[in-house]
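# Examination of the molecular architecture
Listed here are the chains, written in short residue letters.
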Amino acid sequence: MYRLKPHLFNLNYTLDCGQVFRWEREGNWWTGVVGDHVIRLSQENGQLIIDSTLTPEFFSHYFRFDDDLPSIYESINRDLLIDRAIRKYQGLRLIRQDPWECLISYMLATASSIPTIQRRIYLLSRTFGQEIEPGYFTFPDPETLANANPAALERCKLGFRAPSIKAAAEEVASGELDLNVLFRLEYKYARERFMRLRGIGEKVADCVLLFAFGKLEAFPVDTHIKQIIQHYHIDDSYFETCTSMSCMGDWGREYFGQYCGYAQEYLYYQKRVEGFVSLY
DNA sequence: TCCCAGGAAAACA
DNA sequence: TGTTTTCATGGG
């Protein structure tokens, strides 16, 4: 057990905002599985309290403490709505997730509520992962999911997503899709590579690139983000010439700039927690 | 019973 | 090319 004093960090917002699905809160403590470690975290007066054998460097990397939030805020602060979100949810940081786990997590997240997603990931881990503590399991590796018994996979409640998830696992397990290579690709090309997989469209690709590959220029457009843009009539003139939904991602990049991924996450969380907020 | 949820892809017009 | 429907699942 030890403490860190990160600058401008809010643990609750960071773990609750919907980017990760394997952390659960009990009172002031969060418990989660990262890799093959069960980690317990809390925060008091800005200090991060860590119950884990993992190093400070690990958490600094995981929580992106190297991101200069003040300058990111300045860079994305384009209007009253995002201004409110970055004030209210100050300290929310993007997390560096494991690419493989993040890929499967967002594939099985399509058209599902967050509790449903969490349940599916738990079932997958319980069925195909290793138990590292009573009740806590590692995320199954690509080989295991690629060779998974279809009936057992069915019992994880993946629904219509099961075939594409199995296919993706086979592609990663065979080496046909090398996730490590994608780190070196530019956002645009890594995105195209992901979208060649069945079950991965623009939104899922953007989530994986943002949350696992550190592509902060990814701007995932989910149902909440669509509603926000339409409800507040943000930049209506842009959408007169660009009417298809697929251009909302391009809009986000142009509007918020190189750190639009952060903007997206703050807007998304604000909408989930508070709905359409008043700006007066 | 209907509608929506961190959607994608086939079917349709 | 843009719009609608379908696909499982769970919760309100």
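Structure: see above.
Everything quoted here is computed from the prediction, not taken from an experiment. The residue count restarts for each chain, going from 1 along the sequence in the order it is written. Following the order in which they are written, the chains are lettered starting with A and the ligands numbered starting with 1. Thresholds applied to this predicted model are a pLDDT of at least 70 for local features of residues and 80 or more for the giving and counting of side-chain atom pairs; totals over whole chains, interfaces and linings are not thresholded and use all residues. To obtain the side-chain values, all non-hydrogen atoms of the structure were included, while hydrogens and water were left out.

### Notes on the overall build of chain A
For clarity, the cut-off: Counting from the N terminus, the helices are the DSSP runs of H or I reaching at least four residues and the strands are the DSSP runs of E reaching at least two. Classification of residues uses two cut-offs on accessible area relative to the type maximum, computed with a 1.4 Å probe and protein chains only: under 20% is buried, over 50% is exposed, and between them is partly exposed. Contacts between residues were defined by any pair of non-hydrogen atoms, one from each residue, lying within 4.5 Å. Here, Shrake-Rupley sampling with a 1.4 Å probe gives the accessible areas, and only protein chains in the shown set may cover a residue. For this count, His and the chain ends are skipped, Lys and Arg are scored as positive, and Asp and Glu as negative. Working definition for charges: the position is that of NZ of Lys, CZ of Arg, CG of Asp or CD of Glu.
Looking only at helices and strands, chain A has 16 helices and 7 strands in total. Sorting the 280 residues of chain A into buried and exposed places 53% on the buried side. Sequence-distant contacts, at least 24 apart, represent 66% of the contacts inside chain A between residues at least 6 apart. Approximately 13300 Å² of chain A is accessible, and the part contributed by carbon and sulfur atoms is 48%. Side chains of chain A give 31 positive and 37 negative charges; the mean places of these two sets differ by 4 Å.

### Digging into unusual backbone geometry
If you check the backbone angles, L8 has positive phi at about 55° while not being a glycine. One non-glycine residue with positive phi stands out, namely K157, at about 65°. Residue position: K157 is located in the loop between α8 (150–154) and α9 (162–174).

### Describing the sheet that holds strand β4 (residues 37–44)
Put simply, the test is: Strand pairing is defined by DSSP finding a minimum of two bridges between the two strands. Axis angles are defined between N-to-C directions and span 0 to 180 degrees, where every axis is a line fitted to C-alpha atoms and, for a helix, only to the segment in contact.
Spatially, β1-β5-β4-β3-β2 is the arrangement adopted by the 5 strands of the open sheet, whose pairing is antiparallel. Among the strands making up the open sheet, the edge pair consists of β1 (2–4) and β2 (23–26). Recorded for the sheet is a direction-independent mean angle of 25° between the axes of neighbouring strands. Alignment of β4 against strand β5 (residues 47–51), held across 5 bridges, turns out to be antiparallel. Along β5, the bridge assignment pairs L41 with I50.

### A short note on the protein's contact with DNA strand B
Which entries qualify depends on this criterion: We call a residue near a given molecule or strand whenever any one of its heavy atoms falls within 4 Å of it. Think of a polar contact as two N or O atoms within 3.5 Å of one another; within protein, one of them needs to be a possible hydrogen donor and the other a possible acceptor, and neighboring residues in sequence only count if both atoms come from side chains. Three classes are used: nonpolar for Ala, Val, Leu, Ile, Met, Phe, Trp, Tyr, Cys and Pro, charged for Asp, Glu, Lys and Arg, and polar for all others, with Gly counted as polar.
Residues in contact with DNA strand B amount to 27 residues; listed here are only the nearest, G18, A111, I114, Q264 and E265. Sugar plus phosphate: this is where 64% of the atoms of DNA strand B within 4 Å of the protein reside. Within the side chain of T223, a nitrogen or oxygen atom sits 3.1 Å from a phosphate oxygen of DNA strand B. For the surface near DNA strand B, the secondary-structure elements that each account for two or more residues are α12 (202–211), α13 (223–231) and α16 (260–274). With 4 residues, α12 is the largest single contributor of residues to the surface near DNA strand B. Along the lines of polarity and charge, the residues of the surface near DNA strand B split into 11 nonpolar, 11 polar and 5 charged.

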